[in-house]
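Chains, contacts and geometry: an overview
Given next are the chains, with one letter for each unit.
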Amino acid sequence: MKLIAGTDKGLIVYQKVSNEWKLKDIHFIGLPIGAFHKQQNGNWWVAINHKHWGAKVYVSTDEGEFFKEVKAPQFDQTSPYSLRSIWCIESFNKRVFIGTEPAAIFEWQENGFQELKGLSEHPSRAVWQGGGKGSKNPFLHSIVFNPKNEKELMVGISCAGIMRSFDGGVSWQPSNKGLKAFYLPDSNAEVGHDPHSIIRHPKNPEILWQQNHCGIFRSVDGGDIWTDVSDQTGVAVYGFDLVVDETDVDTAWVIPAQSDDLRYPHHTKLEVYKTTDGGQNWVSKSKGLPSHTSFDLVLRAAFDKQGNTMAFGTNNGNLYVSDDNSESWVAINQNLSSVRTINLI
């Protein structure tokens, strides 16, 4: 198994050797990684959000031995937008998609990435808001597929909310019923929500989990209606990423922060919280993590799970791994730059 950490100073590759995690390689050293994705055919896709040269996209067909640059997504001349950064890369079967800032979705085709303009030109676009650090632009950070319906696409946009397409990306509609947006005059508004990350359960595609600016939400009907399943004790509420158990539809983990304005671990304790009953109850599973004076924040793509192995990285460059399904944690590096993405492959 490999652990791929996308950081502000490069793509760090670890490999598990004799039950120990060993540094295997560093790609794009010194450059800020925006996204990493391993395609079903084995290709590695990497996005770099260069401060001077803009967003770049690379693909490797040999697990990082060699990377080839491909043309990054571009808005056409009729668009009022220009690419600032890439937030996510996802694929389904042979289709590869990229989510960007300003919020848009692009699909890889023979002549490069093509914008799915039905989303960019949605009638609600005028009320979408910037969700990034000092940014006025909304950004698209999550792309979710339905394995039972190739034409269904779901995206998460900060700040607009969940949008769904049932025709392969031609037309889109909001899917935010049940979500709350306490920062808006109307908390139940159809558009304007701030999802942080979305996961469709691999066993039952009708089950979706969402870590949201205003709590943790779950849907049991494919995203038609969302239910608030935040921790009733008030700890596991605000955060940026979550993972789910691959077989049990009621089990998930989150790493909470204090609040949306105080973005550090709740009571400065870096804790992982787990539910086994669909969010009715949450318990700490944090053996080995700092129990005080921690100011680590886990960003929206920096938590992953595969089998009994779990890993997350923080904005302070700390990288933690559990090989026993969150019963205990160990730090394998505490000297990285900010960790943006984590992938176990």
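Our structure's up above, just so we're on the same page.
Description of the structure in this document. Model, not experiment: these values are computed from the prediction.

1. Considerations on the sheet that holds strand β22 (residues 273-275)
Taken in spatial order, the four strands line up as β20-β21-β22-β23 in an open sheet, and their pairing is antiparallel. The open sheet terminates on both sides in strands that have one partner only, identified here as β20 (242-244) and β23 (283-284). Both β20 and strand β21 (residues 252-254) contribute to a ladder of three bridges, which runs antiparallel. The residue of β21 that forms the bridge with leucine 242 is valine 254.

2. Some remarks on the packing of aromatic side chains
One pass over the full model with this rule turns up 17 aromatic pairs. Judged by centre distance (5.6 Å) and plane angle (45 degrees), the rings of phenylalanine 97 and phenylalanine 145 are tilted. Taken together, the positions of phenylalanine 97 in strand β9 (residues 95-101) and phenylalanine 145 in strand β12 (residues 139-146) put the pair 48 residues apart, joining distant regions of the chain. The structure contains a cluster of three or more aromatic residues connected by ring pairs, namely Phe303, Phe312, Tyr320 and Trp329. In this structure, arginine 125 packs its charged tip against the face of tyrosine 81, placed 4.4 Å from the ring centre.

3. Thoughts on the pattern of salt bridges
Applying the stated rule across the entire model yields 13 salt bridges. Between aspartate 8 and arginine 340 there is a salt bridge; the shortest N-O distance is 2.9 Å. Taken together, the residues aspartate 8 in the loop between β1 (2-7) and β2 (10-17) and arginine 340 in strand β28 (residues 339-344) connect sequence positions 332 residues apart. In this structure arginine 340 comes out as partly exposed when scored by relative accessible area, which is 34%. Of the charged contacts, one joins lysine 285 and glutamate 327 as a salt bridge, the two residues approaching to 2.9 Å between their closest N and O atoms. Highlighted residues: lysine 285 in the loop between β23 and β24 (303-306) and glutamate 327 in the loop between β26 (319-322) and β27 (330-333), separated in sequence by 42 residues. What makes glutamate 327 partly exposed here is its relative accessible area of 41%. In this structure, a network of salt bridges that share partners links the residues Asp245, Glu246 and Lys305.

4. Remarks on the state of the cysteines
All told, the structure shown has zero disulfides when counted by the stated rule. Between cysteine 159, a cysteine without a disulfide, and cysteine 214, which holds the nearest cysteine sulfur, the sulfur-to-sulfur distance is 9.2 Å. For cysteine 159, a relative accessible area of 8% translates into the label buried.

5. Describing unusual backbone geometry
The residue after glutamate 101, namely proline 102, is reached through a cis peptide bond having omega -5 degrees. The topology assignment puts proline 102 in the loop between β9 and β10 (104-109). In this structure, phenylalanine 28 takes a positive phi of about 55 degrees despite not being glycine. Mapped onto the fold, phenylalanine 28 is located in the loop between β3 (20-27) and β4 (33-38). Given a relative accessible area of 17%, phenylalanine 28 falls into the buried group. The residue threonine 293 is not glycine, and still its phi comes out positive at about 50 degrees. Relative to the helices and strands, threonine 293 resides in the loop between β23 and β24. Residue threonine 293 is classed as exposed on the basis of its relative accessible area of 55%.

6. Digging into the sheet that holds strand β18 (residues 215-219)
Ordered by their spatial adjacency, four strands build an open sheet running β16-β17-β18-β19, and the pairing between neighbours is antiparallel. Looking at the sheet topology across the chains shown, the edges are occupied by β16 (195-200) and β19 (227-228). The sheet contact formed by β16 and strand β17 (residues 208-212) spans five bridges and is antiparallel. By the bridge assignment for β17, proline 195 is matched with asparagine 212.

7. As for the environment of histidine 50
On the secondary structure map, histidine 50 appears in strand β5 (residues 44-50). Separated by 16 residues in sequence, histidine 50 and glycine 34 have C-alpha atoms that sit 9.0 Å apart.

8. Some thoughts on the nonpolar core
Side chains that are nonpolar tend, in soluble globular proteins, to be buried together. By size, the foremost hydrophobic cluster in this structure holds 25 residues, and its most contacted members are Leu3, Val272, Phe303, Phe312, Trp329 and Ile342. Listing elements by their share of this core, those giving two or more residues are β1, β2, β25 (309-313), β26 and β28.

9. Some words on a nonpolar patch on the surface
On the surface, a cluster of nonpolar side chains totalling about 300 Å² of accessible area is made up of Leu23, Ile26 and Ile29. As for its position among the elements, isoleucine 26 is in strand β3. The partly exposed category is assigned to isoleucine 26, whose relative accessible area is 35%.

Basis of the calculations
Residues numbered from 1 in each chain as written. Predicted model: local features only at pLDDT ≥ 70, side-chain atom pairs only at ≥ 80, totals over all residues. Heavy atoms only, no water. Pairing = 2+ DSSP bridges. Helix = DSSP H or I, 4+ residues; strand = E, 2+ residues; numbered from the N terminus. Phe/Tyr/Trp six-rings, centres within 6.5 Å; stacked < 30°, edge-to-face > 60°. Lys NZ or Arg CZ within 6 Å of the ring centre and 35° of its normal. Salt bridge = Lys/Arg side-chain N within 4 Å of Asp/Glu carboxyl O. Buried < 20%, exposed > 50% of the residue type's maximum accessible area, 1.4 Å probe, protein only. Disulfide = S-S within 2.5 Å. Core = buried A, V, L, I, M, F, W, Y, C linked by side-chain atoms within 4.5 Å. Patch = residues over 30% accessible without salt bridge, like charges linked within 9 Å, V, L, I, M, F, W, Y side chains within 5 Å. Areas by Shrake-Rupley, 256 points an atom, 1.4 Å probe, with all protein chains shown as cover.

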